[in-house]
Amino acid sequence: MLGKKESEISKWMRGTHNFTIDTISSIENVLRQAILQIAEMNR
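Residues numbered from 1 in each chain as written. Predicted model: local features only at pLDDT ≥ 70, side-chain atom pairs only at ≥ 80, totals over all residues. Heavy atoms only, no water.

Draft legend 1. How the structure looks around the overall build of the protein chain. Secondary structure summary: the protein chain contains two helices and zero strands in total. A principal-axis box enclosing the C-alpha atoms of the protein chain has dimensions of 45 × 25 × 15 Å. The buried share of the protein chain, taken over its 43 residues, is 9%. Working note: accessible area of the protein chain is about 4,300 Å², and carbon and sulfur atoms make up 50% of it. Side chains of the protein chain carry 6 positive and 5 negative charges; the gap between the two charge centres is 5 Å. (Helix = DSSP H or I, 4+ residues; strand = E, 2+ residues; numbered from the N terminus. Buried < 20%, exposed > 50% of the residue type's maximum accessible area, 1.4 Å probe, protein only. Areas by Shrake-Rupley, 256 points an atom, 1.4 Å probe, with all protein chains shown as cover. Lys, Arg positive; Asp, Glu negative; His and termini not counted. Charge placed at Lys NZ, Arg CZ, Asp CG, Glu CD.)

This is the structure:
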């Protein structure tokens, strides 16, 4: 669904690949689920 090669997905699964914000956003769109949350700092 993301148009990624099997070798890249394998790197994701092994934890040897750093995700870009664009990739994370694409995964969230396909899953229709937020996978990244940014904590709000209280001042």
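Draft legend 2. Representation of helix α2 (residues 21-31). Within α2, the full set of buried residues consists of Thr23, Ile24 and Ile27. When α2 is viewed along its axis, its buried side chains cluster within an angular range of 100 degrees and face the same direction. Residues of α2 that are exposed and point over 90 degrees away from its buried face: Ile21, Asp22 and Asn29. As for α2, its buried residues are in contact with α1 (6-14). Just downstream of α2, Arg32 is the residue with a positive phi angle, here 55 degrees. (Arc of directions from axis to C-beta. Contact = heavy atoms within 4.5 Å.)

Draft legend 3. Main features of unusual backbone geometry. Positioned with a positive phi, Arg32 is a non-glycine residue whose angle comes to about 55 degrees. Mapped onto the fold, Arg32 is located in the segment after α2.

Draft legend 4. Quick peek at a nonpolar patch on the surface. A surface patch of nonpolar side chains, amounting to about 870 Å² of accessible area, comprises Met1, Leu2, Ile21, Val30, Leu31, Ile35, Leu36 and Ile38. The residue Ile38 is located in the segment after α2 in this model. With relative accessibility at 78%, the residue Ile38 sits in the exposed group. (Patch = residues over 30% accessible without salt bridge, like charges linked within 9 Å, V, L, I, M, F, W, Y side chains within 5 Å. Salt bridge = Lys/Arg side-chain N within 4 Å of Asp/Glu carboxyl O.)

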